[in-house]
Amino acid sequence: MSNVEESQRQKKIGSVLQRDLVEVLQGAATQGGLHGILISVSKVKVTVDLSVAKVYLSIFPNDKAKELLVGIKSNTPLIRHELAQRTKNQLRRMPNLEFFIDDSLEYIDQIDKSLKGQENPIKDPSILDKRKKS
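This text gives an overview of the structure that appears in the document.

**Considering the overall build of the protein chain**
Step number 1: If you tally the helices and strands in the protein chain, you get 5 helices and 3 strands.
Step number 2: Counting from the amino terminus, helix and strand elements in the protein chain follow one another as α-β-β-α-α-β-α-α.
Step number 3: Relative to its 134 residues, the protein chain shows a buried fraction of 28%.
Step number 4: The contacts of the protein chain with a sequence gap of at least 6 include a subset with a gap of at least 24, amounting to 55%.
Step number 5: Accessible area for the protein chain stands at about 9300 Å²; split by element, carbon and sulfur atoms hold 54% of it.

As structure tokens, this is what we get:
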């Protein structure tokens, strides 16, 4: 088995965490008075030794993503505890959680706009400057 391919165990743990994380994060956002914000967990990658779960989040609206990520990271111990309670019958050890913004949807959207001609860097060179900064 190659190192690149995820084991069945890694995939199973990832999917268990993904399902419960959506509920925990969306619930926390709603309880915290953040209405109109959608948090989805696009993927969870668990390391080979099962000690770390890298959680990729899509947050809508996009302009709130960085601010929310800071809040989520600062509450990682609470989130991890809540997950441990929910998954105690399925997981013996709760992996450490690392949160990242999944910007693949934004990237796809940019390509889509470019293909539709809505953003044409030849007609508007300032678009290129904006892309370099991000």
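From this point, the discussion proceeds with the structure in view.
**What about the packing of helix α2 (residues 65-74) against helix α3 (residues 76-87)?**
Step number 1: Direction vectors running N to C along α2 and α3 enclose 65 degrees, while the axes themselves pass 5 Å from each other. By the angle between their directions, the pair α2 and α3 is classed as roughly perpendicular. Here α2 contributes Ile 72, Lys 73 and Ser 74 to the contact with α3, which in turn contributes Thr 76, Pro 77 and Ile 79.
Step number 2: In the contact of α2 with α3, the residues fall into 3 nonpolar, 2 polar and 1 charged.

**A few points about the pattern of salt bridges**
Step number 1: All chains considered together, the criterion is met by 3 salt bridges.
Step number 2: Notably, a salt bridge pairs Glu 82 with Arg 86, separated by 3.0 Å at the nearest N-O pair. Of the two residues, Glu 82 and Arg 86 are both situated in helix α3; the distance of 4 residues between them amounts to about one turn of the helix.
Step number 3: Assessed through its relative accessible area of 33%, Glu 82 is described here as partly exposed.
Step number 4: You can call Arg 86 partly exposed: its relative accessible area is 34%.
Step number 5: Salt bridges linked by common partners bring Glu 23, Glu 82 and Arg 86 together as one network.

**Side note on the nonpolar core**
Step number 1: Of all hydrophobic cores here, the largest spans 25 residues; its most connected members are Leu 21, Leu 25, Leu 57 and Phe 99.
Step number 2: Of all the secondary-structure elements, those providing two or more residues to this core are α1 (8-31), β1 (38-46), β2 (52-60), α2, α3 and β3 (96-101).
Step number 3: When residues no more than four places from it in sequence are discounted, the contact partners of Leu 21 are Val 41, Val 44, Val 55, Ile 79, Leu 83 and Phe 99.

**Some details on a nonpolar patch on the surface**
Step number 1: On the surface, Tyr 107, Ile 108, Ile 111 and Leu 115 cluster together into a nonpolar patch covering about 450 Å² of accessible area.
Step number 2: By the element assignment, Ile 108 lies in helix α4 (residues 104-115).

**So, the side chain of Thr 76**
Step number 1: Its location among the elements puts Thr 76 in helix α3.
Step number 2: If we ignore the near neighbours within four places in the chain, the residues touching Thr 76 are Leu 97 and Phe 99.

What counts, and where the lines are drawn
Residues numbered from 1 in each chain as written. Predicted model: local features only at pLDDT ≥ 70, side-chain atom pairs only at ≥ 80, totals over all residues. Heavy atoms only, no water. Helix = DSSP H or I, 4+ residues; strand = E, 2+ residues; numbered from the N terminus. Buried < 20%, exposed > 50% of the residue type's maximum accessible area, 1.4 Å probe, protein only. Contact = heavy atoms within 4.5 Å. Areas by Shrake-Rupley, 256 points an atom, 1.4 Å probe, with all protein chains shown as cover. Axes fitted to C-alpha atoms, helices over the stretch in contact; angles between N-to-C directions. Parallel < 35°, antiparallel > 145°, perpendicular 65-115°, else oblique. Nonpolar A, V, L, I, M, F, W, Y, C, P; charged D, E, K, R; others polar. Salt bridge = Lys/Arg side-chain N within 4 Å of Asp/Glu carboxyl O. Core = buried A, V, L, I, M, F, W, Y, C linked by side-chain atoms within 4.5 Å. Patch = residues over 30% accessible without salt bridge, like charges linked within 9 Å, V, L, I, M, F, W, Y side chains within 5 Å.

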